[in-house]
Protein chains: 2
Amino acid sequence: MTSKMEDWRFPARYDQHYLPDPSSPYWFPHRETMDPQERDAAVLVRLREVMEYAYSTSTFYRTKWDAAGVKPADITSFEAFEQVPVVTKAEMRESQANHPPFGDYLCCDESEIHHIHGTSGTTGAPTAFAIGRRDWEVIADNHARILWGMGVRPGDTVFVAALFSLYLGSWGALAGAERLHCRVLPFGAGAQGMTARAVTWLARTKPKAFYATPSYALRLAEVADSEGIDPREFGLQVMFFSGEPGASVPAVRTAIEDAFGATVIDCGTMAEMTPFMSASATAGTPDGMLLWQDIVWHEVCDPETFRTVPYGSEGTPVYTHLERTSQPMIRLASNDLTRWVLEDNPCGRTYPKLPEGVYGRIDDMIHIRGENVYPTEVDNFLRGVSGYGGEHQIVVRRTGSMDEMIVRAECSYTDSGHPGGQRDAFERDTGAGLQSLLGVRVTFESVDAHTLERAEHKSRRVVDEREHTKR
Amino acid sequence: MTSKMEDWRFPARYDQHYLPDPSSPYWFPHRETMDPQERDAAVLVRLREVMEYAYSTSTFYRTKWDAAGVKPADITSFEAFEQVPVVTKAEMRESQANHPPFGDYLCCDESEIHHIHGTSGTTGAPTAFAIGRRDWEVIADNHARILWGMGVRPGDTVFVAALFSLYLGSWGALAGAERLHCRVLPFGAGAQGMTARAVTWLARTKPKAFYATPSYALRLAEVADSEGIDPREFGLQVMFFSGEPGASVPAVRTAIEDAFGATVIDCGTMAEMTPFMSASATAGTPDGMLLWQDIVWHEVCDPETFRTVPYGSEGTPVYTHLERTSQPMIRLASNDLTRWVLEDNPCGRTYPKLPEGVYGRIDDMIHIRGENVYPTEVDNFLRGVSGYGGEHQIVVRRTGSMDEMIVRAECSYTDSGHPGGQRDAFERDTGAGLQSLLGVRVTFESVDAHTLERAEHKSRRVVDEREHTKR
């Protein structure tokens, strides 16, 4: 059975000249459509191989697993695998502090490192990502395969509009598009005046595909509008996103589709998990994200026990690399929240699916007066309200012993101060609607359109002022 | 003779796995040290091949050369080649306006395009650069070869601190370092807060080599100082620069060397000419720039006749690609100014040299009261003045019928308003010194240190207000 799977081996090596038949919707037809149980059986063998590799090449995993009484050779069932202790971000930071700069989970020779990236470290010490030369090729191959699934083809122009720096999103999109023999315009983002220039270049080169964060796509549409250019004139067909949950938030998704007239595809797990596109929608299954289980092994787990939850249930993703030899992650705890299902996918791929994408981080969930509020719920709600100006802010603060939640939203109605006017009705109705949706008392305020800061990368809409009082 | 030259053919194809013997200072020992006349003879054959290729694949060159009565087959001497009409930037803009987006000098199939880059178009319509897939490999190979000449070796960490976007400088440095099997940290630049983060990552990863614009390196040193970190702690050994003439301006060069304690290497021709590193200093010949004539054919010409000037003379560079098959430039007029020599180079390479680098653009030269002033002269002078705060501005304006030149320089002396004090002396002496150096009357003003804007990319110090009155 394993022999039937295209180019299935560890360490992975793909034919760098391979391209599928142009009429095929699949890059690897067999691997993508095979019986999922057969695929899982092959993955189980691979998990053992990856663990043996990590055990023999890294002090980090050896120490961790020895302490837990786990031996790679014992991983003969998924039940056994689920007892492998998860890796946390805190452990990686500690490992890198003790073994700078790449930590004792590097697993390959330093001379094999091709690219160094990292977390931005705006909060806490940054983590360095070291990606090996062969791993980079394999990542490019996997991303090309997933882009193929989105409908991108050789010769298509792909516009990458996210900052090229430590952030891996833009680099991963670029590597995949290059491997797929696309024409790439690695435009980047982030510097002054770049968004207006992006509008010029999109109008001029009329790309087929586009990558950014969802926040930035909305920002770009606003800037295009302000320059009198309809974003639909860019002629984009496929827009794929990572870095934020937005592309699976229904109203954000609709807003992007409406503005650009393109198919919106959500993808992405975590930078540490590059090839991060291993969770991605496809042209035939454009909603949610499929879990390409032969690239990265995705489990959705109970956040306490880290055992998988049944299909249909909510849990936190736990990720395991199947092909990385530099800094392989084995059971990395994401702290994200999602729900998974296994059902027939219209595209024919036999992968499990996250129907609502990854809808939030456990850390991002706002705990207020015993209720849990997801910032994405607020975003989704506001985008459905007429008169909404496109940006908002959530402030949580403690007044005395009480927690208070303030939502400030832009409003395009300009008749402020007129009781019974549109702005007045917007404030009253939106505030009441939010309160009813969230089940907590909300102080709602409207501000004029174009007054709140727009995200040039990922949006940061939540200001939790209680954090300061806790420390 | 041609057979002796390593991998010498058109279209170029290099062995992607080749690396020199680690002890060799040369990537291609024979090509780099051979008799220059023999090399030139091989180049002459190549020029004919490149012209035949361009003539047969592009309407642009066919039309241009037919009109001038030039036939590729007739190029049997450099005298004949010097009669090939130069290509101007205006012609490329016109070609792209009539044949969007890449112009009728593309020369390869659009499906072969790998990357799209371009001019930033802050003034005038932007020009799009289309670079083919194989050309990109050849560019990477050439840049790897030149980086080897700078002393960079496989496994070295290379930090790239310039914006990744349309600008080709950062991408060219990256491609070369990747091909050389370096560890690359493609940090980029330009977004808010990135310079401070660059300081953190430089201190943490301690790269051997560094790429940026000279202005940005000085900015980075200031930010490091302000955070209490001595830039020498980064441990950089080789810093290579393009995008601006700074790395060949003696005082700028010294300022960077002093701040970082590293060897400063100047390189770079024009974005259109990528592999733009074809003019570059080496570890053994660190001053000025060598002209790697077997990668790009560099002529230094009379700016009126576009015939080469004798070695020892000043002129304007005219560039010809020897290996590009996508948008090959044949006799591209640079509008820059330089001086070339042919003498024994300490590194043993038998290339001509630009001892002072490319010291300015004809367009940048300030014509004032019949005198020519190079902005780099002002920069160089100020950096030698004690009390200089690190940044300045040159304003040229017309008052009545008279042109006036105002230089505003930062001063670190804070005793402003005290006649006979340090600030007072700084103003008087610097103003007089500038006037004597430039031969024109200068109104000199000092401002407090850290008050003028710093360049995040290339410096823009000249404000010529006369331009508005002309139009």
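Up top you'll find the structure we're talking about.
These lines cover the structure that appears in this document, whether it is placed above or below. The model shown is predicted, which means the values in this text are computed figures rather than measured ones.

**Side note on the pattern of salt bridges**
Residue and element names in this part refer to chain A. Counted by the stated rule, this structure contains 54 salt bridges over all chains. Close ionic contact of Asp156 with Lys208 constitutes a salt bridge, the shortest N to O distance being 3.0 Å. Taken together, the residues span a long stretch of sequence, with Asp156 in the loop between helix H6 (133-150) and strand E3 (157-160) and Lys208 in the loop between helix H8 (194-205) and strand E5 (209-212) at a distance of 52 residues. With respect to burial, Asp156 and Lys208 carry one shared label: buried.

**Focus: the interface of chain B and chain A**
On the chain A side, the residues contacting the 39 residues of chain B number 39 residues. Here chain B meets chain A over a buried area of about 3400 Å², counting both sides, of which 61% is carbon and sulfur. Of all residues in chain B, the largest losses of buried area upon contact with chain A belong to Ile116, Arg183 and Arg204 of chain B, amounting jointly to 19% of the total for that side. There are two salt bridges connecting chain B and chain A. Between Glu110 of chain A and Arg183 of chain B there is a salt bridge, with its nearest N and O atoms 3.4 Å apart. Across the contact surface, chain B and chain A share 18 residue pairs in polar contact (both at pLDDT 80 or more). With six residues, the single largest contributor to the side of chain B that touches chain A is strand E1 (residues 113-118) of chain B. Classifying every residue of the side of chain B that touches chain A by side-chain character gives 18 nonpolar, 15 polar and six charged.

**Quick word on the packing of aromatic side chains**
The tally for this structure, following the rule as stated, stands at 45 aromatic pairs over all chains. For the ring pair Phe164 of chain A and Trp171 of chain A, a centre distance of 4.9 Å and an interplane angle of 80° mean the geometry is edge-to-face. With respect to class, Phe164 of chain A is no different from Trp171 of chain A; both count as buried. Here the aromatic rings of Tyr61 of chain B and Trp65 of chain B are separated by 4.9 Å at their centres, their planes lie at 35°, and the arrangement is tilted. In this pair, Tyr61 of chain B and Trp65 of chain B both sit in helix H3 (residues 59-68), four residues apart, roughly one turn of the helix.

**Some points on the packing of helix H2 (residues 36-57) of chain A against helix H3 (residues 59-68) of chain A**
Residues and elements named next belong to chain A. Viewed as axis vectors pointing N to C, H2 and H3 meet at an angle of 105°, and their least axial separation amounts to 5 Å. On the basis of the axis angle, H2 is roughly perpendicular to H3. Seen from H2, the contacting residues are Met51, Ala54, Tyr55, Ser56 and Thr57; seen from H3, they are Thr59, Tyr61, Arg62, Trp65 and Asp66. Taken together, the residues that form the contact of H2 with H3 break down as five nonpolar, three polar and two charged.

**Remarks on the nonpolar core**
Phe210, Phe240 and Phe260 of chain A together with Phe210, Phe240 and Phe260 of chain B are the most contacted members of the largest nonpolar core, which totals 252 residues. Membership of the second largest hydrophobic core comes to 20 residues, among which are Ile368, Ala409, Leu434 and Phe444 of chain B.

**Structural notes on a positive patch on the surface**
Taken together, the side chains of Lys89, Arg93, Lys458 and Arg460 of chain A make up a positively charged region of the molecular surface. By secondary structure assignment, the location of Lys89 of chain A is in helix H5 (residues 89-98).

**What about the relation of the copies chain B and chain A?**
For these two chains of identical sequence, chain B goes onto chain A by a turn of 180° and a shift of 0.0 Å along the axis, with RMSD 0.1 Å. Put plainly, the chains are arranged around a two-fold axis. Identified as the residue of chain B closest to the rotation axis by C-alpha distance is Ala191 of chain B, at 2.3 Å. A share of 100% of the interface residues of chain B reappears at the interface of chain A, consistent with the copies meeting face to face through the same patch.

**Considerations on the sheet that holds strand E14 (residues 353-354) of chain A**
Residues and elements named next belong to chain A. With antiparallel pairing, the three strands of this open sheet are ordered in space as E8-E9-E14. Strands with a single pairing partner mark the edges of an open sheet, and in this sheet they are strand E8 (279-280) and E14. Pairing of E8 with strand E9 (residues 289-291) involves two bridges; the strand directions are antiparallel. Each residue of the ladder has a partner; that of Ser280, found in E9, is Leu290.

**A few points about the pairing of strand E20 (residues 442-448) of chain A**
All names here are of chain A. Judged from the seven bridges that link them, strand E19 (residues 402-411) and E20 form a sheet pairing that is parallel. Residue pairing across strands places Arg408 opposite Glu445, the latter belonging to E20. The parallel pair E19 and E20, bridged by helix H12 (residues 422-438), forms a crossover whose chirality is right-handed.

**Observations regarding the sheet that holds strand E18 (residues 388-399) of chain A**
Residues and elements named next belong to chain A. Taken together, four strands build an open sheet; the order of strands is E20-E19-E18-E21 and the sheet is mixed. Pairing within the sheet leaves two strands with one partner each, and these edge strands are E20 and strand E21 (462-464). Sheet twist, expressed as the average angle between the axes of neighbouring strands with direction ignored, equals 15°. Here E18 pairs with E19 via nine bridges, running antiparallel. Each bridged residue has a counterpart across the sheet, and for Val395 the counterpart in E19 is Ile406. The strands touched by helix H11 (residues 375-383) within the sheet are E18, E19, E20 and E21, with E18 carrying the most contacts at an inclination of about 145°. Sitting on the sheet, H12 touches E18, E19 and E20, and the angle it makes with E20 is about 145°.

**Comments concerning the pairing of strand E19 (residues 402-411) of chain B**
Counted residue by residue, E19 of chain B has seven buried out of 10 residues, so it is predominantly covered. Counting the residues that bridge the hairpin from strand E18 (residues 388-399) of chain B to E19 of chain B gives two residues, and of these Gly400 of chain B lies at a positive phi of roughly 65°.

**Points about the side chain of Ser446 of chain A**
All names here are of chain A. With respect to the secondary-structure elements, Ser446 resides in strand E20. Given the relative accessible area of 12%, Ser446 is considered buried. Side-chain polar atoms of Ser446 contact the side chain of Arg423, separated by 2.6 Å. One polar contact links Ser446 to Glu427, side chain to side chain, over a distance of 2.5 Å. Not counting residues within four places of it along the chain, the set of residues in contact with Ser446 comprises Ala409, Cys411, Arg423, Phe426 and Glu427.

**Some words on unusual backbone geometry**
Each neighbour pair has its own omega, and for Pro100 of chain A with Pro101 of chain A the value is -5°, a cis peptide bond. Of note in the backbone geometry, Lys206 of chain A takes a positive phi value of approximately 40° without being a glycine. Note on placement: Lys206 of chain A falls in the loop between H8 and E5. Take Lys206 of chain A: its relative accessible area is 47%, and that puts it in the partly exposed class. Not every positive phi belongs to a glycine, and Gln327 of chain B is a case in point at roughly 45°. Here Gln327 of chain B shows up in the loop between strand E11 (314-321) and strand E12 (330-333).

Procedures and definitions
- Counting restarts for each chain, with residues numbered from 1 along the sequence as it is written.
- Just so you know, chain letters begin at A and ligand numbers begin at 1, following the order they were written in.
- Totals for whole chains, interfaces and linings use all residues, but because this is a predicted model, local features are given only for residues with pLDDT of at least 70 and pairs of side-chain atoms are given and counted only at 80 or more.
- The side-chain quantities take in all heavy atoms of the structure and omit both hydrogens and water.
- Salt bridges are counted wherever a side-chain nitrogen of Lys or Arg sits within 4 Å of a carboxyl oxygen of Asp or Glu.
- Helix and strand labels come from DSSP, where a helix needs a run of H or I of at least four residues and a strand needs a run of E of at least two; each type is numbered from the N terminus.
- The buried label applies to any residue whose accessible area, calculated with a 1.4 Å probe on protein chains only, is under 20% of its type's maximum; exposed applies above 50%, and partly exposed to all values in between.
- In this description, contact between two residues means that some pair of their heavy atoms is separated by no more than 4.5 Å.
- Throughout, the accessible surface (probe 1.4 Å) given up by two parts as they are put together, summed over both, is called the buried area.
- Residues adjacent in sequence count toward polar contacts only when both atoms are side-chain atoms; beyond that, a polar contact is any pair of N or O atoms within 3.5 Å, and within protein one must be able to donate a hydrogen and the other to accept it.
- Any residue that is not Ala, Val, Leu, Ile, Met, Phe, Trp, Tyr, Cys, Pro, Asp, Glu, Lys or Arg is counted as polar, Gly included; the first ten are nonpolar and the last four charged.
- Any two of the Phe, Tyr and Trp rings considered here, Trp counted by its six-membered ring, make a pair once their centres fall within 6.5 Å; the pair's planes then place it as stacked at under 30 degrees, edge-to-face at over 60, or tilted in between.
- A fitted line through C-alpha atoms represents every axis, and for helices the fit uses only the stretch in contact; the resulting angles, taken between N-to-C directions, go from 0 to 180 degrees.
- An angle counts as roughly parallel when it lies under 35 degrees, as roughly antiparallel when it exceeds 145, as roughly perpendicular when it falls between 65 and 115, and as oblique in every other case.
- Working definition of a nonpolar core: buried Ala, Val, Leu, Ile, Met, Phe, Trp, Tyr and Cys residues. They are joined through side-chain atoms within 4.5 Å.
- Only residues whose relative accessible area exceeds 30% and that form no salt bridge enter a patch; like-charged residues are grouped when within 9 Å of one another, and nonpolar side chains (Val, Leu, Ile, Met, Phe, Trp, Tyr) when within 5 Å.
- Here the accessible surface of atoms and residues is derived via Shrake-Rupley with a 1.4 Å probe, and residues count as covered only by protein chains that are part of the display.
- Charge assignment in this entry is limited to Lys and Arg as positive and Asp and Glu as negative, and neither His nor the chain termini are counted.
- Every charge is mapped to an atom, namely NZ of Lys, CZ of Arg, CG of Asp or CD of Glu.
- Superposing copies: least-squares fit, C-alpha atoms only, residues required to have pLDDT of at least 70 in both.
- One bridge is not enough; two strands pair if DSSP finds at least two bridges between them.
- Call a crossover right-handed when, viewed with both strands pointing away from you, the route from the first strand across the helix to the second goes clockwise.

Read these as layout, nothing more, since geometry by itself doesn't imply function.
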